[in-house]
Amino acid sequence: MVRRIVLLLLLFFVFIWEGTIVPWLIPDAMHGRLIPHLAYILILFVSIYYHRHTALVLGLIFGLLHDVVFYGDMIGAYAFAMGLSAYVLGLLFQSTKAPYPLMMTVVLIGSLLLDHLLYGIYLVFGLTREPYAWALGHYMFPNLLLHFVFALIICVPVRRQLEEVAKLRRRAAEEE
């Protein structure tokens, strides 16, 4: 139970950090192009190393927080995209012993999937008029690089924490 609370607090801390500290670290020339979704990267780790249903709920919660705090144009787009993509990637790649290259591949696929879902939703509802090639080069690939670097930094400690949580969950299931 304590490790779950630590994970939730870590996600909330990263969510606050991506809205307060990270914009100061981004160069001025990249301010409109880099959109950090660092809490989403942690949710992808939860999806792979822990459980996809937990990642779905976390994706919906933190996606809704993104919608309300950062992007008020349409409520629910980030919640839908984060929840769906975390669930699908957890369904396809879930493994408590996933190697690092697989996890980095999931981060790359997840980052692209999230940006593509958001672009598609905004295009359908008329909130964006930029062509796909512009969006791909202007913010999807820079986000992909930022998410990959963040995942490389946090991969080892987060994986260890989530493996411990998964072990505790399995022990509790065996005792029942």
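These figures come from a predicted structure and were not determined experimentally.

### Describing the pattern of salt bridges
This model, assessed by the stated rule, comprises 2 salt bridges. With its nearest N and O atoms 2.8 Å apart, the salt bridge here joins glutamate 163 to arginine 159. With glutamate 163 and arginine 159 both in helix α7 (residues 132-175) and 4 residues apart, the pair spans about one turn of that helix. Like arginine 159, glutamate 163 is buried. Between glutamate 164 and lysine 167 there is a salt bridge; the shortest N-O distance is 3.9 Å. Here the residue glutamate 164 and the residue lysine 167 both occupy positions in helix α7, the gap between them amounting to 3 residues, near one helical turn. The partly exposed category is assigned to glutamate 164, whose relative accessible area is 33%.

### Observations concerning helix α5 (residues 77-93)
Given 3.6 residues to a turn, an α-helix orients residues that are three or four positions apart in the same direction. Taking 1.5 Å per residue as the helical rise, α5 with its 17 residues ought to reach 24 Å, and the 24 Å between its terminal C-alpha atoms agrees with that figure. Turning to α5, its buried residues number three or more, namely Ala77, Tyr78, Ala79, Ala81, Met82, Gly83, Ser85, Ala86, Leu89 and Gly90. Elements that come into contact with the buried residues of α5 comprise α3 (38-49), α4 (52-69) and α6 (100-124).

### Here we look at the packing of α3 against α4
Closest axis-to-axis distance for the α3/α4 pair is 7 Å, and the angle between their directions is 165°. Overall, the two elements α3 and α4 adopt an arrangement that is roughly antiparallel. Note on packing geometry: the crossing formed by α3 with α4 is left-handed. The segment α3 lies against α4, with Ile43, Val46 and Ser47 engaging Arg52, Thr54, Ala55, Leu58, Gly59 and Phe62. Among the residues forming the contact of α3 with α4, the class breakdown is 5 nonpolar, 3 polar and 1 charged.

### A few points about the UniProt feature "transmembrane region" (unreviewed entry) in the protein
The positions UniProt marks with the feature "transmembrane region" (unreviewed entry) are residues 6-26, 38-63, 75-93, 100-124 and 144-162. Between the end C-alpha atoms of residues 6-26 there is a gap of 28 Å, over a span that is 90% helix and 0% strand. Taken end to end, residues 100-124 is 100% helix and 0% strand, and its two terminal C-alpha atoms sit 36 Å from one another.

### Overview of the packing of helix α1 (residues 2-20) against α7
Remark: α1 packs on α7, axes separated minimally by 10 Å, with the N-to-C direction vectors making an angle of 155°. By the angle between their directions, the pair α1 and α7 is classed as roughly antiparallel. Once α1 is placed against α7, the crossing between them reads as left-handed. Contacts from Arg3, Arg4, Leu7, Val14 and Trp17 in α1 reach Phe150, Gln161, Leu162, Glu164, Val165, Leu168 and Arg169 in α7.

Rules used throughout
Residues numbered from 1 in each chain as written. Predicted model: local features only at pLDDT ≥ 70, side-chain atom pairs only at ≥ 80, totals over all residues. Heavy atoms only, no water. Salt bridge = Lys/Arg side-chain N within 4 Å of Asp/Glu carboxyl O. Helix = DSSP H or I, 4+ residues; strand = E, 2+ residues; numbered from the N terminus. Buried < 20%, exposed > 50% of the residue type's maximum accessible area, 1.4 Å probe, protein only. Expected span 1.5 Å × (residues − 1). Contact = heavy atoms within 4.5 Å. Axes fitted to C-alpha atoms, helices over the stretch in contact; angles between N-to-C directions. Parallel < 35°, antiparallel > 145°, perpendicular 65-115°, else oblique. Left-handed = near helix turned anticlockwise from the far one by under 90°. Nonpolar A, V, L, I, M, F, W, Y, C, P; charged D, E, K, R; others polar. UniProt positions renumbered as here; feature names shortened; annotations may be inferred.

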